[in-house]
Amino acid sequence: MIEIDNLHKKFGDTEVLKGVSLSIAPGEVVSILGASGSGKSTLMRCMNGLAGLNGGSLLIDGLDVSKPRELREIRKRCATVFQHFNLYPHLSVLDNITLAPMDVLGRKKAEVEAEAYALLKQVGLADRADAYPGQLSGGQKQRIGICRALAMQPRYLLLDEVTSALDPEMTGEVLDVLAALARSGTTMIFVTHEIAFAREISSRIVFLDDGVVRADMPTDRFFAEDGGYGDERIARFLAKMRNK
Amino acid sequence: MRNQGFNWHDPILWAQGLGVSVGVFAASMILGTVIGIFIALCRVYKVPVVAPVLLVISEFLKNSPVLVQLFLVFFGVPVLLQVNITPAEAAIFTLTGNTAAFIAVIAISAIDAIDRGQLEAARSFGHSERSILRKIIAPQALVVAMPALIGLAVNQLQVTSLISAIGVIDLTKVGQILNQRTWQPFIVWTIIGVTYFILSRLLAAAGGRLETRLRRHMDWAGL
Ligand SMILES: Nc1ncnc2c1ncn2[C@@H]1O[C@H](COP(=O)(O)OP(=O)(O)O)[C@@H](O)[C@H]1O
Ligand SMILES: [Mg+2]
């Protein structure tokens, strides 16, 4: 369970998150939508402890991100897939995937490697285990990024615009992997600009607007004429995204 | 000393000088690398007080002549602290500090060259700072730093010749001794010069091979 209560985050004098409250239960697939600069990435960074909080609280399974000891435990449960992949260029694909399970969870190499091969197979990259990130296309890199996160067997998967840095012809291969994950019951918090896809896979939509949650409702409701669409700002955002 | 020709003892003298030069070089390079990396890490992790102090010292060491530093350590420090210090100690101490200052600069820029996104990813996965340093930063920084490190090593080898000025019997000092005795400056300094040249080339070649090995798996890393 992720429980965010009245979360505030400032950079210098500018407040980026202005009292965000949100809770996400295990098994949910929640998409976070919002204009660029609305604070989506910052919210994600607060969840995995890359950004500290200036107010409010953020608990994951009852653990507090602002306590270093508890954050360490949180990081074993939340894995992030990054917009720019952030793979380790000096490590092979296999080592990229197995590093954290071995180093952080202290698991055995043979075991973790077997799982890594299984994950690679799932994302259609079984033959690239020995390649280096620099040898892969963007779409392949991102599928490895997803494998790296899944290798931690996380309870929560955080995805921040994972297709934004990809060429359009490569988004499909990544979205397919994500759709399969969503069906498998993995808890996903999914920041995206792929509105149609968000609508397809998520059970709930959260709309962030200038650092506040402007809408938080089941997907059907959000896209209904009298639901999220009824909100003038949301309607404008959706119209803009559709015209892109 | 009288004007005499070369004799059978001279190659031994040459070898001793060579040993001293290589010894001082190796000692100051190794110690300097350890200390330089320490300075760099203090800086990268923004350790309060320590980092700025070390940086001021390293600026001084980079921007003043090594010969002056040697004089300061060999003649100045014993007076100030009322201690005895041998020429060899002064030489190693000074060159270590000097090497450390340059290593620090190289290490800081190599670490800065690593993409921050990877480090955030590693942190988000729960790796400790220590293992991020060992498993992610160090291997990449080393590859980035290799050319500069090789250049520095070759340069520091030449710099060791200055220690003859405080009385260390290194290769250059041996050259002076032989020259005074034989009055054959052309032959003596050619031999000494060629010796340094060969040492430098060997050093650069060894460094180059190490770099190739390190890079073998990194051709695709974009480093
Ligand atoms: N490290 C930072 N320092 C200063 N400002 C930041 C930083 N990170 C984000 N911001 C600012 O916070 C706001 C929200 O950013 P972000 O969370 O990245 O939005 P989104 O992901 O929704 O596009 C933006 O105005 C951005 O400029
Ligand atoms: Mg963002």
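A brief structural summary.

Calculation notes
Counting of residues starts from 1 at the beginning of each chain's written sequence and follows it residue by residue. For this description, chains carry letters from A and ligands carry numbers from 1, given in the order in which they are written. The predicted origin of the model limits local features to residues at a pLDDT of at least 70 and limits the giving and counting of side-chain atom pairs to 80 or more, whereas totals for whole chains, interfaces and linings rest on all residues. By convention in this description, side-chain values take in all heavy atoms of the structure and omit both hydrogens and water. We call a set of buried Ala, Val, Leu, Ile, Met, Phe, Trp, Tyr and Cys residues a nonpolar core when their side-chain atoms join them within 4.5 Å. Exposure classes here rest on a 1.4 Å probe applied to the protein chains alone. A residue is buried below 20% of its type maximum, exposed above 50%, and partly exposed in between. Whether two residues are in contact is decided by their heavy atoms: any pair within 4.5 Å suffices. Helical segments are the DSSP runs of H or I of at least four residues, strand segments are the runs of E of at least two, and each set is numbered from the N terminus. Using a 1.4 Å probe, buried area is obtained as the accessible area two parts lose upon being combined, added over both of them. Any carboxyl oxygen of Asp or Glu within 4 Å of a side-chain nitrogen of Lys or Arg constitutes a salt bridge here. For this analysis, a polar contact is any N or O atom pair within 3.5 Å, provided that within protein one partner can donate a hydrogen and the other can accept it, and provided that sequence-adjacent residues contribute only side-chain to side-chain pairs. Each residue receives one of three labels: charged for Asp, Glu, Lys and Arg, nonpolar for Ala, Val, Leu, Ile, Met, Phe, Trp, Tyr, Cys and Pro, and polar for the others, Gly being one of them. It suffices for a single heavy atom of a residue to lie within 4 Å of a molecule or strand for the residue to be listed as near it.

### Structural notes on the nonpolar core
In globular proteins that are soluble, nonpolar side chains generally tend to be buried together. Residues and elements named next belong to chain A. In this structure, Leu-157, Leu-178 and Met-188 are the most contacted members of the largest nonpolar core, which totals 74 residues. The residues contacting Leu-157, other than those within four sequence positions of it, are Ala-79, Val-81, Ala-149, Leu-150, Leu-181, Thr-186, Thr-187, Met-188 and Ile-189. Of all hydrophobic cores here, the second largest spans 27 residues; its members include Leu-22, Ile-24, Met-44 and Leu-58.

### Examining unusual backbone geometry
Residue and element names in this part refer to chain A. Look at Gln-153: it is not a glycine, yet its phi comes out positive at around 45°. Although it is not a glycine, Glu-161 adopts a positive phi angle of roughly 45°. Along the chain, Glu-161 falls in the loop between β7 (156-160) and α6 (168-183).

### Considerations on the interface of chain A and chain B
Of the residues lining the interface, 23 residues belong to chain A; the matching set on chain B comes to 20 residues. For the pair chain A and chain B, the two sides together bury roughly 2,000 Å², of which 62% comes from carbon and sulfur. By the criterion of area lost to chain B, the three top residues of chain A are A:Tyr88, A:Pro89 and A:His90, representing 28% of everything that side buries. At the junction of chain A and chain B, the tally comes to two salt bridges. Taking the shortest distance from any N to any O, the salt bridge between B:Lys135 and A:Asp103 comes out at 2.8 Å. Summed over the shared surface of chain A and chain B, the number is eight residue pairs in polar contact (both at pLDDT 80 or more). Elements supplying a minimum of two residues to the side of chain A that touches chain B: β6 (78-81), α3 (93-103) and α5 (138-150) of chain A. Along the lines of polarity and charge, the residues of the side of chain A that touches chain B split into 13 nonpolar, six polar and four charged.

### Side note on the environment of A:Gly56
Residue and element names in this part refer to chain A. Tracing the backbone through its elements, the reader meets Gly-56 in strand β4 (residues 55-60). The exposure class of Gly-56 is partly exposed, given its relative accessible area of 49%. In the structure, Gly-56 is positioned 91 residues away from Cys-147 in sequence and 33 Å away in space, judged by C-alpha atoms.

### Comments concerning the site of ligand 1
Residues and elements named next belong to chain A. Looking at ligand 1, the residues that line it are Phe-11, Val-16, Ala-35, Ser-36, Gly-37, Ser-38, Gly-39, Lys-40, Ser-41 and Thr-42. Interatomic distance of 3.3 Å between a backbone N/O atom of Ser-38 and an oxygen atom of ligand 1. Interatomic distance of 2.9 Å between a side-chain N/O atom of Lys-40 and an oxygen atom of ligand 1. If one sorts the elements of the shell around ligand 1 by residue count, helix α1 (residues 40-47) sits on top with three residues. Partitioned by chemical class, the residues of the shell around ligand 1 number three nonpolar, six polar and one charged.

Geometry only, nothing functional implied.
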